[in-house]
Amino acid sequence: MRVLRQSRIFPFSTVVFSLWLCDLDGNEARWGSWVRWGACSASCGGGRRIRRRPCVKTSETVRCVGRPMEIQKCGKSRCPDKCLMVCPEGLPSADCGRCLCEGHVLRGEVYTVVGVPVAGATVALADRPKVALAQSDPEGRFRVPGVCSSSPSLLSVRKERFAAAAAVATSSNATGLSWVRVVLGSTEKPYISKHPENKVRHEGGRVLLCCKATGSPTPDKYYWYHNGTLLDRNVFKYEEDLVLRDLKPRQAGLYHCKASSPAGSIKSNQAFLTVIGRGTPACNTTPEDNNVRLPMDCVQPGTDSKNYNAGRCPHNTCAGSLDSDLRCRDGAGYCCGVQEMETRAIDCGRYSLPIRAVTRCGCKKCVQPSVMVRGRVVSADNGEPLRFGHVYIGKERVSTTGYQGGFTLHIAQDTARLVVNFVDPSEKFIDTPKVFIFDKRGGSIYHDVKVMRKQAAISINAGETNTIELGEIEGEDPIGQIVIPPNSFHRGNGELYEGTVKASVTFIDPRNITTAAAAPGDLNFVDDEGDMLPLRTYGMFSVDFRDEFNKEALGTGAVQVLLDTQHVKMEEHIPKMKLWSLNTETGVWEEESDFSYTRATGSSHGRVKREERTFLIGNMEIRERRLFNLDVPENRRCYVKVRAYMSEKFLASEQVEGVVISLINLEPKPGFSSNPRAWGRFDSVITGHSGACLPAFCDAQRPDAYTAYVTAIMGGEELEAAPSSPKMNPNIIGVSQPYLSKIDYQRSDHNDPALKKTAFRINLAKPNPNNLQEANGPIYPYRNLIACENAEINDNHFRFFRVEKDKYEYNVVPFQENDLTTWTGDYLSWWPNPQEFRACFIKIKVQGQKEVMVRSKNMGGTHRATKGKLYGIRDIRSTRDMREANTSAACVEFKCSGMLFDQSEVDRSLISLLPQGNCRRVGVNNLLQEYLTKHPPVPQNNESHAFHMLAPVDPLGHNYGIYTVTDQNPRVAKEIAIGRCFDGTSDGFSREMKSDSGVAMTFSCPERKITRESLFQRLQTNPGQTLSQMARDMRESQGLQVQRSSTQVVAYPSEQRSRSQGRRVSGVSSTSRRRVTSRGQLRQ
């Protein structure tokens, strides 16, 4: 009989065995149960284990059939690497990460760059930065036991808002101690130092686009985008640089990169890649139309046109022939330019006018004009110049301001963002970083730079709590406070400073609109996505803490900044308020801390009663950065369209490029009615061929929630805004009704005619998308920047114009001074060198009741290729001298003498100065006459109504009545020369004519009597009286001849005698005078 027992499942077996126990009959053998598995032969790396079973038998002669044991694999996990570390001292740690020496200790200190201890910094080995060994205490100290002192240890120290630092510990075997001092600098968000550049390639070619970013820590990730779409890194295999091969037309478009680090991200500027298809010409050989305005007295027979089509080449780049197509910057750019020109004669009726017309275009090397920034640095309070100030770009000192605060900077061609820091060695003014706009097409842009005078230092006790107020507007409460806890000051070596502190805190108060131009940076920050966005300020301050002897700069630990919420007019700004510090090398504001609420009791300005007020409180440490800002990001943004013109005629063909337009956003009052004194933001943009679009804050619900002041300046000259009084004229202002009334346009002299006319104020009313009358400017929604930039000339826009009388310029070789790339190398080019433009002006005084037009006719004088040929014509109306009756003066441009475009031979231009009207020359500057005589040949000047000369080669000054200025921008050179000419000095500037200073020659231009009747007319109207008067005149004439023989004769120039015979008699009796007077009355 067999009994079946319960089955057993062994946990490490895949087979289930059943053991049958039965009575064995005769010679039988059966297997018994399996025993447990034995131990594994290895814990890792692969091993074996065994189990066995017994054989139950009745006789030694029988055997069990099958295997008595089973073998199973085990210990399959990977074994850890064997620690191969060899420690010269001590033993490897359990994780084989470092050597441990019992009894040895590493001690260290962590400080900021200004010596303030850093608490809570994490200390680790540089090769294992994630394994924390210690943290610094409130005094910045830390202790790591077991660190061997036989060899230096490389440590990594980290803390939030600080850049990680590496340091090597110094050791001593004798004491078993190691020591290290670590200095942590502030983190810096990524900043693009090399932007991708525009490229032109043929289909099938290849291109390299480069991108490079700096920051602390250094950016380690780059992303490339094409028309806003992220490119697949696995497909394009890019890092910092992007290489595209076998180009197709579909790959043309906009490219930009984004760089990222643990501190943030930043996007580069966009670069446009042009891919020219096979068989497509890069440059159209047929010139485009280019209508040149002719002189007023040039009337073409058979036509009423005042223009002539001289042709021009299209403004586009070519691929050219590059020595290497895989460079970040192409060695020499190629542009569509003039290949052939021909001389034509324009029939002006009375005379013929030559012109050089373009007949064929082609690819050639682009003109590379110099890019410059010029300006003057003065204090914001009284205009005192910053004399001999240091000018920095990044960490490099590049220039020094002059005695009058002037400066000139040459800008590299690949510069995308220009950040300039002005430092006063005498420390009268605060350090002021500025972000300058400039014209990448070439030339120079002029900037008036305002700096804040440093607040006088006060003495405070370092061992006490000190409170410094921010804002000192008379009759108003301070905007905030800085609260410095006791024992917060430290020297640069980390030592606690205990003594008197000289504290200077300079506050840029937005309640005073005159401080807007002194704002450092450009009030922008970079968000988490890498986009540059605007800030709205509630105040900026610069701090300077020094020791008692004013020698060493001191740093501080945690400092509190309090902002009084009564000054925040928009409640929605309160929760978004942040404290920012300025990166002086990038000009970008970076976040320091958020604000939280607190309540405090204090007395308001001018009040005895103390009251509880609400403050926003933020924390900061004063380290290497010393400029701070109370700002909020603002998302209600628009663009304002502004254009500049050559005159108040506002002709489309007379738009002026290179004008710096500035917009100051004003801070609203409670109820959102504008406050004319406070400001919140300051922006500047340069006008291009279609004007300028300025960023501004705006509101769709309340038109007067935001307002702005707008100004324009060119070469130091303030342009005049379109008038708003006595009545607003939409055709003059450039904005149609009813939008104009909604905007409430007012020029600065709207309510007070004594004020300047160089600014206007507007409400920034965001356009209603459902109102067609507001769809075409002058205010555009923020996302409609392209529509603003491409707006037609007839669309709504605001206007500025140059305060200048009638003016005309004609060049035989056409050239647009606002676009230097249109320069053409020709012997008859007015400007012979596109890298440097020399403007020459002569000052002519006009005696007469009326202003007159003065013309300069400029011809080749001595050069074999230009002698007797016309360079150009300049016409200008004289400007009245308001200080002297019946006197005006004209600053007339003429063609400078010098090398022509081939730089091989000098040409002394032959200049003819021709006042238009009844004029005669009555005087020439003695110094000028002497110079011309000593530098022959001297043209004959037999005509009294004109003056001819060979233009001086030397840059004569105001003593000669000649004004010469050289600049990289022709318009700027001319503006400076005109300003000096008006002022009558060699270094001054004026827009009020001073006709008694610096004059080259004088013309008398009396008004002709056009109401006197001729003899024939008088005989017809009154023959009897006329004949009687003729008889009396003849009798008196005989008597006068007898008297002349005994009287003195005053000599006049020959050309004046015929006009002055009646005034040459000096001895005539009173009776004769009365008779002559009566005769004159009868004639009239």
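Visitor: I'd like a rundown of the packing of aromatic side chains, residues and numbers included.
Guide: With the rule as written, the count across this model stands at 19 aromatic pairs. Ring centres of Phe525 and Trp580 lie 5.1 Å apart, and the angle between their planes is 50°; this geometry places the pair in the tilted category. One end of the pair, Phe525, is in strand 42 (residues 524–526); the other, Trp580, is in strand 46 (residues 578–583), and 55 residues separate them in sequence. Comparing Phe525 with Trp580, the two get one shared label, buried. Taken together, a centroid distance of 5.5 Å and an interplanar angle of 25° make the contact between Phe541 and Phe628 stacked. Of the two residues, Phe541 sits in strand 43 (residues 532–546) while Phe628 sits in strand 50 (residues 627–633), which places them 87 residues apart along the sequence.

Visitor: Mind laying out helix 5 (residues 926–934), listing which residues take part and the relevant values?
Guide: Because each turn of an α-helix spans 3.6 residues, side chains separated by three or four positions in sequence point in the same direction. Taken as a whole, helix 5 has its buried residues at Leu928, Tyr931 and Leu932. The buried residues of helix 5 occupy one face: seen down the axis, they fall within an arc of 95°. Away from the buried face of helix 5 by more than 90 degrees, exposed residues Asn926 and Lys934 are located. Against the buried residues of helix 5 lie strand 63 (837–847), strand 72 (947–950), strand 73 (962–967) and strand 74 (1001–1004). Here helix 5 starts with a cap whose side-chain oxygen sits 2.8 Å from the backbone nitrogen of Leu927, and that cap is Asn925.

Visitor: Describe empty space enclosed by the protein, listing the residues and the values that go with them.
Guide: One pass over the full model with this rule turns up seven cavities of 30 Å³ or more. Considered as a void within the structure, the largest cavity measures approximately 80 Å³ in volume. The wall of the largest cavity is formed by Asp439, Gly442, Ser444, Glu657, Gly658, Met714, Glu817, Asn818, Leu820, Asn969, Arg971 and Val972. Of the residues contributing to the lining of the largest cavity, the split by class is three nonpolar, five polar and four charged.

Visitor: Describe the state of the cysteines, listing the residues and the values that go with them.
Guide: Scanning the entire structure with this criterion turns up 14 disulfides. One disulfide bridge connects Cys840 with Cys896, the sulfur atoms lying 1.9 Å from each other. Across the S-S bond linking Cys840 and Cys896, the dihedral sits near 120°, which makes this disulfide right-handed. One end of the pair, Cys840, is in strand 63; the other, Cys896, is in the loop between strand 67 (887–894) and strand 68 (898–899), with 56 residues separating them in the sequence. Given the relative accessible area of 3%, Cys840 is considered buried. With its sulfur 2.1 Å from that of its partner, Cys891 forms a disulfide with Cys981. For the disulfide bridge between Cys891 and Cys981, the dihedral angle about the S-S bond is near -100°, and by the sign convention the bridge is left-handed. Here Cys981 lies in helix 6 (residues 970–983) and Cys891 lies in strand 67, a separation of 90 residues in the sequence.

Visitor: With reference to specific residues and values, describe the pattern of salt bridges.
Guide: Summed over all chains, the structure comprises 53 salt bridges. Two residues, Glu476 and Arg511, come together in a salt bridge whose shortest N-O distance is 3.3 Å. Of the two residues, Glu476 sits in the loop between strand 38 (466–470) and strand 39 (480–484) while Arg511 sits in the loop between strand 41 (500–508) and strand 42, which places them 35 residues apart along the sequence. A relative accessible area of 9% means that Arg511 is categorised as buried. For Glu809, the salt bridge is made with Lys974, and the minimal N-O distance between the two is 2.7 Å. With a gap of 165 residues between them, Glu809 in strand 62 (residues 807–811) and Lys974 in helix 6 connect regions that are remote in the sequence. With a relative accessible area of 24%, Glu809 lands in the partly exposed category. The exposure class assigned to Lys974 is buried, which follows from its relative accessible area of 3%. Members of the salt-bridge network, linked through shared partners, are Lys807, Glu809, Glu817, Arg874, Glu893 and Lys974.

Visitor: For the sheet that holds strand 62, give the residues involved together with the corresponding values.
Guide: With respect to topology, five strands assemble into an open sheet ordered 62-65-64-70-72, the strand pairing being antiparallel. Single-partner strands in this sheet number two, and they are strand 62 and strand 72. Pairwise comparison of adjacent strand axes, ignoring direction, gives a mean angle of 15° for this sheet. In this structure, strand 64 (residues 853–859) lies alongside strand 65 (residues 870–877), joined through seven bridges in antiparallel fashion. Across the sheet, residue Asn858 finds its bridge partner in strand 65, namely Gly872.

Visitor: Describe unusual backbone geometry, listing the residues and the values that go with them.
Guide: At the junction of Gln737 and Pro738, the peptide bond is cis and its omega measures out at 5° in the coordinates. The topology assignment puts Pro738 in the loop between helix 2 (730–733) and helix 3 (739–743). In this model, Pro936 is joined to Pro937 through a cis peptide bond whose omega is 0°. Although it is not a glycine, Asp744 adopts a positive phi angle of roughly 60°. As for its placement among the helices and strands, Asp744 is situated in the loop between helix 3 and strand 58 (746–747). One non-glycine residue, Asn886, adopts positive backbone phi at about 55°. By the secondary structure assignment, Asn886 is in the loop between strand 66 (879–880) and strand 67.

Visitor: Talk me through the pairing of strand 72; I want residue IDs and the actual numbers.
Guide: Side chains Phe947 and Met949 project from strand 72 onto one buried face, and the interleaved His948 and Leu950 project onto a second face that is buried too. In this sheet, strand 72 lies alongside strand 70 (residues 910–915) in antiparallel orientation, the contact comprising four bridges. Each bridged residue has a counterpart across the sheet, and for Leu913 the counterpart in strand 72 is Phe947.

Visitor: Can you break down the sheet that holds strand 35 (residues 432–436) residue by residue, with the values?
Guide: With respect to topology, four strands assemble into an open sheet ordered 32-31-34-35, the strand pairing being antiparallel. Across the chains shown, the open sheet's two edge strands, defined by having one partner strand only, are strand 32 (396–400) and strand 35. The mean angle between the axes of side-by-side strands here comes to 30°, regardless of whether they run parallel or antiparallel. As judged from the five bridges shared by strand 34 (residues 418–423) and strand 35, these two strands associate in the antiparallel manner. Across the sheet, the residue bridging to Val419 is Val435, located in strand 35.

Visitor: Quick rundown of the environment of Val660? Include the residues and the values.
Guide: Relative to the helices and strands, Val660 is located in strand 52 (residues 660–668). The class for Val660 is buried, based on a relative accessible area of 4%. The sequence separation of Val660 and Thr687 amounts to 27 residues, and the corresponding C-alpha distance is 6.6 Å. Apart from residues no more than four positions distant in its own chain, Val660 is found in contact with Ile437, Ile445, Tyr446, Ser684, Val685, Ile686, Thr711, Ala712 and Ile713.

Visitor: How would you summarise the confidence of the model for the protein chain if you had to cite specific residues and measurements?
Guide: Model confidence for the protein chain is summarised by a mean pLDDT of 81, while 87% of its residues fall at 70 or above. For residues 670–676, every residue scores under 50 in pLDDT, and the model assigns this stretch 19 contacts once sequence neighbours within four places are set aside. In the predicted structure, residues 1040–1084 sits below a pLDDT of 50 and forms 27 contacts with residues beyond four places in sequence or in another chain.

Visitor: Residue-level account of the nonpolar core, with values.
Guide: Of all hydrophobic cores here, the largest spans 48 residues; its most connected members are Leu294, Ile346, Leu353, Tyr810, Trp831 and Phe841. If you list the elements that add at least two residues to this core, you get strand 28 (334–347), strand 29 (352–365), strand 62, strand 63, strand 65, strand 67, strand 73 and helix 6. Broken down by element, the residue count for this core peaks at seven residues, all from helix 6. When residues no more than four places from it in sequence are discounted, the contact partners of Phe841 are Cys891, Val892, Glu893, Phe894, Gly961, Ile962, Tyr963, Lys974, Ala977 and Ile978. Among the nonpolar cores identified, the runner-up in size contains 39 residues, and Ala644, Val656, Ile661 and Ile762 belong to it.

Visitor: Any details on a nonpolar patch on the surface? Residues and values, ideally.
Guide: A grouping of Ile50, Met69 and Ile71 is seen on the molecular surface, where their side chains present a nonpolar patch of about 230 Å² in accessible area. Inspection of the secondary structure puts Ile50 in strand 4 (residues 47–52). Judged by its relative accessible area of 34%, Ile50 is partly exposed.

Visitor: Outline the pairing of strand 9 (residues 122–125), listing residues and values.
Guide: As paired strands, strand 9 and strand 10 (residues 134–135) are joined by two bridges and run antiparallel to one another. Considered in strand 10, the bridge of Val123 is made with Ala134. With four bridges joining them, strand 9 and strand 12 (residues 153–158) adopt antiparallel strand pairing. The residue of strand 12 that forms the bridge with Val123 is Val157.

Visitor: Tell me about the side chain of His447, and name the residues and values.
Guide: Along the polypeptide, His447 turns up in strand 36 (residues 443–451). Its relative accessible area of 8% is what places His447 among the buried residues. Discounting chain neighbours no more than four positions away, the residues touching His447 are Val373, Arg374, Gly375, Arg376, Phe436 and Ile437.

Cut-off values and rules
Residues numbered from 1 in each chain as written. Predicted model: local features only at pLDDT ≥ 70, side-chain atom pairs only at ≥ 80, totals over all residues. Heavy atoms only, no water. Phe/Tyr/Trp six-rings, centres within 6.5 Å; stacked < 30°, edge-to-face > 60°. Helix = DSSP H or I, 4+ residues; strand = E, 2+ residues; numbered from the N terminus. Buried < 20%, exposed > 50% of the residue type's maximum accessible area, 1.4 Å probe, protein only. Arc of directions from axis to C-beta. Contact = heavy atoms within 4.5 Å. Polar contact = N/O pair within 3.5 Å; in protein donor to acceptor, adjacent residues only side chain to side chain. 1 Å grid on protein atoms, 1.4 Å probe; cavity = no way out; pocket = protein on both sides within 12 Å on 5 of 7 lines; lining within 4 Å. Points joined across faces, edges and corners; volume = space filled by probe spheres on them. Nonpolar A, V, L, I, M, F, W, Y, C, P; charged D, E, K, R; others polar. Disulfide = S-S within 2.5 Å. Salt bridge = Lys/Arg side-chain N within 4 Å of Asp/Glu carboxyl O. Pairing = 2+ DSSP bridges. Axes fitted to C-alpha atoms, helices over the stretch in contact; angles between N-to-C directions. pLDDT = per-residue confidence, 0-100. Core = buried A, V, L, I, M, F, W, Y, C linked by side-chain atoms within 4.5 Å. Patch = residues over 30% accessible without salt bridge, like charges linked within 9 Å, V, L, I, M, F, W, Y side chains within 5 Å. Areas by Shrake-Rupley, 256 points an atom, 1.4 Å probe, with all protein chains shown as cover.

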